[in-house]
Amino acid sequence: MAREPVYDILTGMARAIFFAQGLRIDVEGQEHIPRSGGAVLAVNHTAYLDFMEVGLVGRKSGRNVRFMMKAELEHGIVGFLMKHCKAIGVDRTAGAQSYARAVTALREGELVVVYPEATISRSFELKEFKSGAARMALEADVPIVPLIIWGAHRIWTKDIPRQLGRHNFPINIRIGAPIPPDAPREQLTATLRTRMNELLDRAQRDYPMEEGARWVPVRLGGTAPTLAEAAVLEREEMERRHRAKSR
């Protein structure tokens with residue numbers, strides 16, 4: 001792994017934060033992260049800071065993963081960090097260009113992180129998947145590695161008070177075997193979602209759930225919104241943002 005000083009510093013900071021919080025991170029399937037060559041890392045999205053766990057998983061296999069981030073962040077300190085960590089800016093008004101950059105990175109042997117759900121899931125279940133991960137894998141001819149993180153949403157997510165102090169939360173990370181790019185886009189996306197649902201079940205199986213807790217899905221005895229209720233909340237949020245921009 002080539003030295004990347006800024007990435008090294010950020011990794012050290014992430015490890016220090018995890019230590020200070022007392023996080024108990026359990027990883028299964030680390031051997032599925034390729035030690036060389038390109039691959040799409042498809043990750044579920046339940047928390048604002050779950051990218052930190054993804055970055056450390058990559059480092060455990062001697063890799064620096066490449067995140068796709070909003071292009072509007074490419075200025076100031078965040079822009080500096082994006083540049084030196086080789087993040088891929090995503091401009092919604094020029095999606096084809098962002099997509100092409102991601103495919104190029106994959107062809108050059110990078111691990112590119114994709115959140116198939118696009119936005120945070122308020123239900124903490126898997127939402128419907130966008131087809132971007134499958135499209136990239138097919139065009140770059142690289143595998144998709146499914147990855148599930150469970151527990152990070154207890155620290156900081158939407159609609160729940162943040163828990164940034166020392167709390168000793170357990171976090172389960174489950175990584176599946178690489179999925180080869182040998183099926184049509186729709187079928188590959190469906191296979192990916194099925195595999196990630198299986199990994200989610202495994203991550204939740206031995207996790208201590210609190211009856212009635214807001215961070216626990218309804219099907220597991222919690223009071224998180226259902227997928228349908230979460231979809232309504234997401235639409236309302238998007239409408240508020242649209243109204244704010246149009247003022």
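As annotated in an unreviewed UniProt entry, the protein chain is 1-acyl-sn-glycerol-3-phosphate acyltransferase from Nocardia gamkensis.

Enquirer: It is not clear to me how the pairing of strand E5 (residues 111–114) should be interpreted in this structure. Could you clarify?
Expert: Moving residue by residue along a regular strand, the side chains alternate between the two faces of the sheet. Residues Leu111 and Val113 line one face of E5 and the alternating positions Val112 and Val114 line the opposite face, and both faces are buried. As judged from the four bridges shared by strand E2 (residues 39–43) and E5, these two strands associate in the parallel manner. When the bridges of E5 are listed, Ala39 appears paired with Leu111.

Enquirer: Help me out: how do you make sense of unusual backbone geometry in this one?
Expert: Residues other than glycine predominantly adopt negative phi, and peptide bonds predominantly adopt the trans conformation. A positive phi is found at Ala118, a non-glycine position, where the angle reads about 75°. Within the fold, Ala118 resides in the loop between E5 and helix H5 (132–140). Since its relative accessible area comes to 44%, Ala118 is described here as partly exposed.

Enquirer: When you look at the side chain of Arg154 in this model, what are you seeing that I'm missing?
Expert: Structurally, the position occupied by Arg154 is in the loop between strand E6 (144–150) and strand E7 (170–175). Side chain to side chain, Arg154 and Tyr207 meet in a polar contact 3.0 Å long. With near-sequence residues (within four places) excluded, Arg154 lies in contact with Gln163, Phe169, Pro170, Tyr207, Glu210 and Trp215.

Enquirer: Just to check I follow, could you spell out the pattern of salt bridges for this structure?
Expert: Any two side chains of opposite charge can pair if their charged atoms end up close together. This model, assessed by the stated rule, comprises 16 salt bridges. Close ionic contact of Arg66 with Glu4 constitutes a salt bridge, the shortest N to O distance being 2.7 Å. Here Arg66 is found in strand E3 (residues 66–70), whereas its partner Glu4 is found in the segment before helix H1 (5–21), with 62 residues between them in sequence. A salt bridge links Glu28 to Arg174, with the nearest nitrogen and oxygen atoms 3.4 Å apart. Highlighted residues: Glu28 in strand E1 (residues 24–28) and Arg174 in strand E7, separated in sequence by 146 residues. When its relative accessible area of 1% is taken as the criterion, Arg174 is described as buried. One salt-bridge network, held together by shared partners, links Arg122, Lys158, Asp159, Glu237 and Arg241.

Enquirer: Looking at this model, I keep getting lost on the packing of H5 against helix H6 (residues 185–205). Mind explaining?
Expert: Relative orientation and spacing of two packed helices are given, respectively, by the angle between their axes and the distance between those axes. In contact at an axis separation of 8 Å, H5 and H6 are set at 120° when each is read in the N-to-C sense. Considering their axes alone, H5 and H6 lie oblique with respect to each other. Considering the relative orientation of H5 and H6, their crossing is right-handed. Here H5 contributes Ala133, Ala134, Arg135 and Leu138 to the contact with H6, which in turn contributes Arg185, Leu188, Thr189 and Leu192. For the contact of H5 with H6, the class distribution of residues is five nonpolar, one polar and two charged.

Enquirer: Before we go on, may I ask you to explain the nonpolar core in this structure?
Expert: The nonpolar side chains of a soluble globular protein tend to be buried, and buried together. With 35 residues, the main nonpolar core has Val40, Leu106, Met136, Ile144, Ile148, Leu192 and Met196 as its most contacted residues. Elements supplying a minimum of two residues to this core: E2, helix H4 (95–107), E5, H5, E6 and H6. The biggest single contributor to this core is H6, with six residues. Excluding its chain neighbours within four sequence positions, the residues that come into contact with Met136 are Val40, Met68, Tyr99, Ala102, Val103, Leu106, Val114 and Asp141.

Enquirer: What am I meant to see in the pairing of E7 here?
Expert: Across the six residues that make up E7, a large majority, six, are buried. What you see with E7 is no split at all: Pro170, Asn172 and Arg174 on one side and Ile171, Ile173 and Ile175 on the other are buried throughout. Where E1 meets E7, five bridges bridge the pair, whose relative direction is parallel. Pairing of Glu28 across the sheet is with Arg174, part of E7.

Enquirer: How should I be thinking about the packing of H1 against helix H2 (residues 50–60) in this particular structure?
Expert: In the contact formed by H1 and H2, the axes pass within 10 Å of each other and the chain directions differ by 115°. Seen along the crossing, H1 lies across H2 with a hand that is left-handed. Between H1 and H2, the contacting residues are Tyr7, Asp8, Thr11, Ala14, Arg15, Ile17 and Phe18 on the first element and Met52, Glu53, Leu56 and Arg59 on the second. For the contact of H1 with H2, the residue count by class is six nonpolar, one polar and four charged.

Enquirer: In this structure, what is going on with the packing of aromatic side chains? I would like to understand it.
Expert: Each pair of aromatic rings is reported with the distance of its centres and the angle of its planes. Scanning the model with the defined rule gives four aromatic pairs in all. Between the aromatic rings of Phe51 and Phe67, the centroid separation amounts to 6.0 Å while the plane-to-plane angle is 85°, which identifies the pairing as edge-to-face. Pair noted here: Phe51 is in helix H2 and Phe67 is in strand E3, with a separation of 16 residues, a long-range link. Note on Phe67: relative accessible area 15%, which makes it buried. Here the aromatic cluster, defined as three or more aromatic residues joined through ring pairs, consists of Trp150, Tyr207 and Trp215. The ring of Trp156 carries the charged tip of Arg162 above its face, separated from the ring centre by 5.1 Å.

Cut-offs and rules
- Residues numbered from 1 in each chain as written.
- Predicted model: local features only at pLDDT ≥ 70, side-chain atom pairs only at ≥ 80, totals over all residues.
- Heavy atoms only, no water.
- Buried < 20%, exposed > 50% of the residue type's maximum accessible area, 1.4 Å probe, protein only.
- Helix = DSSP H or I, 4+ residues; strand = E, 2+ residues; numbered from the N terminus.
- Pairing = 2+ DSSP bridges.
- Polar contact = N/O pair within 3.5 Å; in protein donor to acceptor, adjacent residues only side chain to side chain.
- Contact = heavy atoms within 4.5 Å.
- Salt bridge = Lys/Arg side-chain N within 4 Å of Asp/Glu carboxyl O.
- Axes fitted to C-alpha atoms, helices over the stretch in contact; angles between N-to-C directions.
- Parallel < 35°, antiparallel > 145°, perpendicular 65-115°, else oblique.
- Left-handed = near helix turned anticlockwise from the far one by under 90°.
- Nonpolar A, V, L, I, M, F, W, Y, C, P; charged D, E, K, R; others polar.
- Core = buried A, V, L, I, M, F, W, Y, C linked by side-chain atoms within 4.5 Å.
- Phe/Tyr/Trp six-rings, centres within 6.5 Å; stacked < 30°, edge-to-face > 60°.
- Lys NZ or Arg CZ within 6 Å of the ring centre and 35° of its normal.

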